Each structure stands twice: as structure tokens, then as C-alpha cells.
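Spelled out, the chains give:
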Amino acid sequence: MDSINYQTTTQGVKDALELSSRDLGVSSMEYQGEFDDQYKLIAIYYRINKIKNAFYIFLVLITGGFIYLFYRWFLSFRIAIRFSQCNFTQMTHLLINKTKNDIRIAEDQLVEVQQNARKLPNSNYARLFEYELSQFYIDCQTYQLNCLKNSFSHLTCSQLTTAVDLNEWSEVYGKNIMDIPIKSIPLLILDEILTPFNVFQIFALVVWAVDDYVLYAVLIFVLTFMQMLMQLREIRANLFKIRNMILFNTIVKVCQFETIREKSSIELVPGDIIIIEGNTKISCDCILIQGTCVMNEAILTGESVPVNKAALLKVNQLFRQKENENSMLYCGTFCLRSYTNTNEPVKALVYQTGFQTLKGGLARSILFNVNQSFSFQRDSLKYLFVLAFLGVVQSIISLYLDFSNDESIGQAIINALELLTIIIPPALPTALAAGVSLAMNRLEKQRIQCIKPDKVNVAAKINVCAFDKTGTLTELGLDVVGFRPIKGIGFDKQVSISECNSITIQAMATCHSLSLINNEVHGDPIDLNMFLQTGWKFTEKEITFLDQSLSIIRRFEFQAELQRMSVVLNDYKLFCKGSPEMIQTICLKVPDNYKTILNRYASKGFRIIALAYRDIPKLLYSEIQTANRQLFESQLTFLGFLIFENRLKEETSRTIKELKASNLKPLMVTGDNPLTAINIGQQCYILDQNSKIYLSYIKDQEIIWQEMAMEDQRINEGSSYSIDNIESKTLTTDDIMRSITSYQLCITGDVFEQLQYQYNQGNNKEQILNLFSQIFIYARMKPNHKGDLMILLKQDKRNFLAFCGDGTNDTCALRQADVGLALSTEDASLAAPFTSSIFNISSLITLIREGRACLVTCVECFKFMTLYSCIQSAMVLQCYFWNTDLSLYQYLYQDLWLIIPLAFTMDLTNAFPSLARYRPISDLISIPIISSVTITALTSIAIQIGLVQYLTSQTEFELDEPDEGTPGQINTILILLSNSQVLAVAIAFTQGPPFRQQIYKNIPYIITVTLGILGHIFVIFYPDGFQHLEIVSITSLRFQWIIVGFSLVIAVFIILYEKFVTSALVKKYSQEDINLSA
């Protein structure tokens, strides 16, 4: 792609990475990727150190492969133990670091480099390596790092239209296929087995099997296997979903030596010339060199609007893709119609293939986008390490007790290891995964698809919601309100379209990109509404009205950079329409109050299109076709403003109100006029209608903030905002940063670029982030601006961002936000982890509700599983102290009858129907969570010790002396009490409102708790009915009621503590966590 802007630098590590050795090397590269997103790659040279490698092999052998696990899990360990930095000639591997504005956007990767240099299109000798499904190379002479992509930038457009033998590098670019590599099931199973948790589970399985707890070992195996299956199912399902969307193969017709032959699209290479037929899907990125096509580019834009594509002009200018977008056909788009005026076949030149296509870039961005580290995931690992440490402490105590009782060394070690495996709950990953899967199922029932399960919990933490405007907050189509023509040196009054003069009507009837498909007119909603107002008729070759007939002999398509389009007619007139700001610059003159009238309409929320025209010299047809666009689009005569109404979607205002009522900050990020955006922002309540608004602009390289003053002039009804009022107040950026007052700010793309530059320079980062917290409207934002904004706002670690959009302009933002929600079912939505088939922003409310419910479920389930393991391990340690142990069936009873059913049924509670004013806690390392777990655990252990000590101190209590390691009275007392504690913890930790529905609505959970309590009562009073449990009958009814009393005390304490103390702490902690401007 010629939009790639290579600024490649190669230098010693002393300059690039501040390393000491001049012999060490690094290559870096800045490039512009898919959808104008810019990245930087840094490749650091490494080689396999023979001495280190030999030592590593030795460690693998003596540890029985154990050291390999750390080699596999930790990249830094892998590099340290086998590799050394080196110069280019010694290099065998590269450490790739991918950044954007010095912010890491992908995980570091260690990749292997081809040892044999080879000749490439832009390099005589280079060494290749693969990174993120793309080929890169480093030149052996210049040490430059480049992406291996086809480029025709050295050829002129004229040369491309008569191209021959441009496919000489077919063996370099590989096959034209986007086949995502999916590991086989055995390899995926192996990957799952070798994860840290599953390795520990295998270790636990062996320990329990050695100690003759075979059935319990089988239980651990079943749980581990279930968890692995759930992980494999999610991984494969998501990969296959993406693969099925992008994998495509068809038969294409290829022109070769003046003949046409058919071959598979997989065999296409850059330089091939293919035939484009109607009703076909394009299988590569190609350049139209002959004929005209009408394309459906919904796969890229998310909008099913036909787009006209014209053949590349035969001009002697070097080919640049961005300058010739109107001739580009993209992979995955659909050709609705193709034709030529000479009945010859429509031809296109293959430009990019496989993952180097625009669609391939989209797929790669999804597969390799780095996720922000989420506190719940980080803290859960810390918790497990803490539990492991406690397990080690308990194991040491167990060894001391066993050695004091003259236990054999082997049995003492087994007992110690059992304690270590008990304290890490085996069902934890399965229970957490089940909670996320259930949340995804609930989302799917509400027409929201998810391709990244880990994002469901992240949705719970959203506190900033950014929205695109057109098609997201407002309806995609626009209604024509009227036209504001000029009169003399000023503007006339607003008129209807039927009242316009003939030259204006001709402009509206011809200056568009409409197409005729199956005798129906199709195209952009703005163009279509404008044309239908004129009453003219659109035919295959001309546009007619009564006795008038016009035909378009050249069309200059709309370009975002130029903000305009124009057409040349057969009567030698040029009509142009575009943004008022741009049209003003190419007109001979405009009314003095041009800006005032424009601002007045824009501030009322109207979409304004400016129309202009000129007579052109009577040139030859060939001259018109090849002349430079700028020669035509200059010295125009201004006609007036075409006014459209951009209506809000019905659900927009209600949803924004609900978000603000829940302390979620809404933002608008749009490419539209800032005054229009401000008006829409007020209509949908993003902006407070009673507060002052400041709009930024750049003056003498300084950002100035001007207050928007209310005006009394009327257009139809109501008042409007203006920046022309001389009494309006202006502020500098320093004024706003120093002020303690909160403002409502609006900025444009150029101001955003300057603020972004200041932030990247490292000056006043905190103040700049504080400034961004007061900005509610971002106008005139380019697609890459939107993505950069998401990255910048995420630098405030308290922010969790959601972006909601509907098309390609939003792709960068959908990918870079913490949570992206695409209101589209087209492939462009692949950039977002969530896709809604309900095309309004109310889906975001649903997503946040389900995310919050899922996070609360995961946190409570984590607490429950953690406490159960602490309670059980403390019980077992006390049994060791009394020279007794739990039987196999006692373990199974507690796990199968209580723990697992409770853990899985508590996941079934649905989300609460409305949003709370605060977010749930995700930080496991926080005062509410730590205090809850610690106090409950310590209280439970204290009650266990207290009950045993109290009963054994009673004179009528006769302590039995069971065989060593077998159940006895102490064992019975402890397991009965611990069952009560487990039930109490399960009830206390199953929360209802404000994030989940009332617990009584979760019928399976209520049944499970009821059966658990009933079973527990029967075990206490009728132990003989449960002989397999080896419960020793306690003959004294008083002692039975004492056990019940202790159970009730601990149950009531745990439930009340969670209900009042922990809930109050959670609410206080969550409110302090909110990061919103006033």
C-alpha cells in the first residue's frame, strides 16, 4: 500500500536503546497501517548463545522438564536463559516491540529470522521474518527494517493502465489467501495442559491418587478437563468465526498474453490483470484500469451504500493509492455492476493479496490487538500466590506435626502436599469461565455478539462512553429542509427546493455519486434525498427533466482530505458540492456574512452542504479526462447552502440520560462541524443545556478557548450558539488548567493533534489529561484521530472506555477502546469485540448491565472458592493435629454436594434491569474485598478451634481414639461446622441488587441452598443414614445443639458482615473510584 510512509532508521543500540555495546544492533520502522493507523516497530537482534543453550538443556534434563515450563511461560526468562544480544551478522532471532506514540500496543514477541538472505523487490539482499501474519525484512546492506508489501509507487498511472509483466515476484508474495492458522486439537490440548494452573492440577491429581484418594483425584481430573474443554471451545469458536468471515476462494478470469484463462483466486499475485464481472465478490485489493464498477463496500464501511469506481486515469503521475481511491477495489467488497462504453471486459490490476489487503489488515488488528491489563485478572493471580504461600506455611506445620507423631517421611510429605493442593481450589477456573459463558449467552439473546470473552468483565468498569454521531446517535439518512441561495452580495431567505433557480436544480440533479442498479436509483442517503427533491429522472446514460438532458462526462469523487466532490457535464459546466469551509476557499467570492449564516445553521444542528459551479473551457473529451482536478475546482461561483436535518435516533436521548444518571460520562467523537456537533450534543443531553460551552481554535500556534454565546436570531424557531459575539469570553489553555472550575469543552481534530503532541513531549501530562476530562465534544476528527483519542484517554488509569460506532471511520477507535461496540453486522464490525444487531446505542446499556452482573458474579465466586479452600485446609490441618483425617467420601460430599453446585448455580443470577450509580469492584486487592475475605476466614477458623476446644473441655464429652488417619469425633465436629460455614459463605456472597436481580429469582440456586441446608441438618441429627460419610454419632443431644448453635452464630455473623459492612465499603470504594468531571 502506497500509503505506507516508511521512515526507517537503523543505528547502534547505544543511540537507539541506550545500550553500552556498539556491536549490538537494532532496527526500527515507522509505518502507516490499516485505516490510517500508525505504528512503530523496534526489532532488537538476538542470537542463541551456545553456552547458555547447553546449560538450559542440562537444566531441562535434571529437572525432568520442569524448567521448560518457565521457559514457556515467561518471555524474559526465555531470552535470559538461551539468548544474547548481538550484531546483524550473528542474528538468529528478533525481539519485536510494537508501539504507538511510545505506548505499547502489542505483546513483545521473539521471532526467528531466516538465515539465508534473498533478493526482494526493493532490496538486493535481505533477511525475512514473519510477524503478525505479515512478512518483514531487514536489508543486509542498509539494515533497514521494512514490510514486504507490493508497491507500484515507482510507476506512473499511465504505465499501470498498460501494465505487462508486473507479476515477476510471484514467489515472494505467496498465496492470495487469508487462512488464520488454527492449531490442531491435540496441540491446543497440550497448550492448555501446560498452563500454570493446569500443571498444578495435574500435580494435585497425582498427590491425591498416591494417597489412595482415587475418586477425589478423578473429581479433580473431571473439573480440569471441563475447564480445558470450555477454554478450547471458546478459543476455536472465536478463531473459526474470524476465519469464516475472511477466508474466501473463487474462480477468477485472468488476462495472460492476450488470452483469458480461469484460475483459483488463491493463485493471484500482484501484477496479474483480472476481469471484474457484476454480482461478484472481489478476492484481492486491485486497481481498476478499464471500465466502471458500482461497488458495495459495506464490509469496510459498515454501510450498504453503492460506490462508483472509475478506471485509473492515464496520466504521467506516479501512482499514489490515497490519490486514486476512486479506482481502488478492495478485497471482500461486492461488485454490483461493471460496464464499459465499448463493451470490452472490465479489467483490474492486482495490487495486494492475502493479509496485505485492507481486509487482511483488519483481521490482523483483531487477532493481535493487545488488551489493557484488567485488575480482576491481575489480582486473581496475586491472590492465588498468597493462597499458595499460606499452603506452604500449612504444609510446614503439617510436616512438624507428622514428625512429632513419628509419621513416616513419605506419608508426612503426602499430607503436606495435600494441604498445598486443597488451598488452591480446583474448580475455580471452571466456575469463573462458566460465569462469563453464561453472560455471553445472555448477551446473545439480546442480539449482542461477543468474540472476545475476556472483554465481558471489562465492560463492567466502563466510566467513559464515546459515540460516533452520524448513524450512531443520529439517523443515517438526512431530510432536506431547504436551500439558502445568494442574493446580490448577501444571502436571500431560505426557500424550498422547488423554488430554486434552474442552475441550482441542475447542480442538485447532477452533482452526486448515484448509480442505477436493476432500474432503481441507489447511493448515499444525502445524494439520494437531494436528487429526489429535484424531480429529475436518472437513466443509464443521462439525467433528464422535461426537454432538458444532461450527462456526466467526468466525476471527481468525494475525498475526505478535499471535503468535496464535483462533476463535469456535457454542456461544459462543473458543479461542486462539499463542506462550506472548503467550498469557501475555491470560490471567487462569498457573501460577507457567509460564516455567520453557516454558524447559525450549524449551531441549530443542521447539516450544511455548500454548492458552487463554473463554466469550463470547451476542451476535447480526452483533455477533460486527463486534466488535473485542481484546474477544474477553482474560481467557482457560490450558489448557496443546501440544508439537511440530522435527526436523533429515538433511543439516543433516553440512553444518554440513563448513562449520566449512572455517573457514566458520554462523549461525542465525530467528523462533523463543531457547531453541529454541539447542537446535537445538547439535544441528546451529552452537554448540559444550562452550562457554558467553550470551543477551541488555534491562533498563532496557541490554543484559544472561546465561549459560545447565545444568540437571539431565528432560523425557524429557537435560538442558536455563535462564536462571533464580541462579548463572548476567551480563555487560554493555561487558564483552564489552572482553574478549579469545570468546563464543557469542544475541540476539533487540529487542536487534538496539538494537545496530543504536547502530551507526547512529556510536559504537563497530568494537566493535559485533566483537560481532556473536561472535553465532551470532539469534532472534525479523522479516523486515526479517534483511535489516538482512545489510547490517550486510557493513559488515565482510572478510565475505562467504551466506543460505540457503526462504520470504517470508527474502526481504529473500536479496536483501541477498552470495549468496542459496533452497531453493524458487516465484516467491518470485526474490529470490535462486541457487535449489536440492534442499531442504536441502547445496546451499550445492555452490555454494561451484563458486564457488571458478570464481574460481580466472578468476584463473589472467587471469594467463595477462596474462603471454602481456606476453611477446608484449616479443618484438615486441625485434623492432623488431632491425629485424624477426612475420609474420601467426606471430601466428595463437601465438594460434590455443596461446593460445586453452589459455585455454578450462583452464576445463574441475571443482571439487574437498571444501572447503579457506581461500578462494581474489580480490584481484589482492595479494602472491601481483603477485609471481607480475611475477617470471614479468621472468624471461621477461630470458631472451628473454639468449638473443638469447648467440646473437648466438657467433662461428659468422651474423646474417642480412632486409628491413625481415620475419621473420629473431632473429624465429625469439624466437618459439620465447616459445612455450615461453607453454606453461610455461599449465602452471604451471593449478592442481588444493584448489579444482579434478587436472589430468589435464581431458582436453581435457591434449590441448591435448600437441599444443602436440609442435607446438613440430616447429617447432624441422623448420621446413621449416611454411613459412607463415616460420620461418628454424637450421642449427646446437647452437643448436637451446641454444634448447631456455633453454626448459626458464624452463619449470622458472616451474612450480616457482608450485608452491612462489606456492602458499605464496596459502595464507598466504588464512589471514590468514579472519574468524571462535574
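Note that this is a predicted model, so its numbers are computed, not measured.

> Whenever I open this one, the state of the cysteines confuses me. Can you help?
Two cysteines form a disulfide when their sulfur atoms are joined by a covalent bond. Under the criterion given, the structure shown has 0 disulfides. Of all cysteine sulfurs in the structure, the one in Cys511 sits closest to Cys500, which takes part in no disulfide; the separation is 15 Å. What makes Cys500 buried here is its relative accessible area of 13%. In this structure Cys576 is not part of a disulfide, and its nearest cysteine sulfur, from Cys511, lies 6.1 Å away. For Cys576, a relative accessible area of 2% gives the class buried.

> Looking at this structure, I do not really get the environment of Ser953. What am I missing?
Note on placement: Ser953 falls in helix α31 (residues 927-953). Engagement of the side chain of Ser953 in a polar contact is seen with the backbone oxygen of Tyr950, the distance being 2.6 Å.

> What is the right way to look at the pairing of strand β34 (residues 606-615) in this model?
The two faces of the sheet receive side chains in turn, since in a regular strand these alternate between them. Extensive coverage of β34 is indicated by the burial of 8 of its 10 residues. Here strand β33 (residues 573-578) pairs with β34 via 6 bridges, running antiparallel. By the bridge assignment for β34, Phe575 is matched with Tyr613. Of the pairings in the sheet, the one linking β34 to strand β35 (residues 637-645) comprises 8 bridges and is antiparallel in character. Among the inter-strand pairings, Arg607 is bridged to a residue of β35, identified as Phe644.

> Looking at this structure, I do not really get the sheet that holds strand β11 (residues 145-147). What am I missing?
Across a sheet, paired strands are connected by hydrogen bonds in the backbone, their directions being either parallel or antiparallel. The strand order across the open sheet formed by 4 strands is β8-β9-β10-β11, and the pairing between neighbours is antiparallel. The two strands at the open ends of the sheet, each matched to only one other strand, are β8 (118-120) and β11. Looking at each pair of strands side by side, their axes are set apart by 50 degrees on average, direction ignored. Pairing geometry for β8 and strand β9 (residues 123-131), over 2 bridges, is antiparallel. Counted as the bridge partner of Arg118 is Ala126 from β9.

> Help me understand the packing of helix α30 (residues 888-905) against helix α32 (residues 969-988) in this model?
Geometry of a packed helix pair, given as the angle between the helix axes and the separation of the axes. The N-to-C vectors of α30 and α32 enclose an angle of 5 degrees; their axes lie 11 Å apart at closest approach. In terms of orientation, α30 and α32 fall into the roughly parallel class. Where α30 abuts α32, its residues Gln890, Tyr893, Gln894, Leu898, Ile899 and Leu902 lie against Asn971, Ile975, Ser978, Asn979, Val982, Leu983 and Ala986. The class makeup of the residues in the contact of α30 with α32 is 8 nonpolar, 5 polar and no charged.

Calculation notes
- Residues numbered from 1 in each chain as written.
- Predicted model: local features only at pLDDT ≥ 70, side-chain atom pairs only at ≥ 80, totals over all residues.
- Heavy atoms only, no water.
- Disulfide = S-S within 2.5 Å.
- Buried < 20%, exposed > 50% of the residue type's maximum accessible area, 1.4 Å probe, protein only.
- Helix = DSSP H or I, 4+ residues; strand = E, 2+ residues; numbered from the N terminus.
- Polar contact = N/O pair within 3.5 Å; in protein donor to acceptor, adjacent residues only side chain to side chain.
- Pairing = 2+ DSSP bridges.
- Axes fitted to C-alpha atoms, helices over the stretch in contact; angles between N-to-C directions.
- Parallel < 35°, antiparallel > 145°, perpendicular 65-115°, else oblique.
- Contact = heavy atoms within 4.5 Å.
- Nonpolar A, V, L, I, M, F, W, Y, C, P; charged D, E, K, R; others polar.

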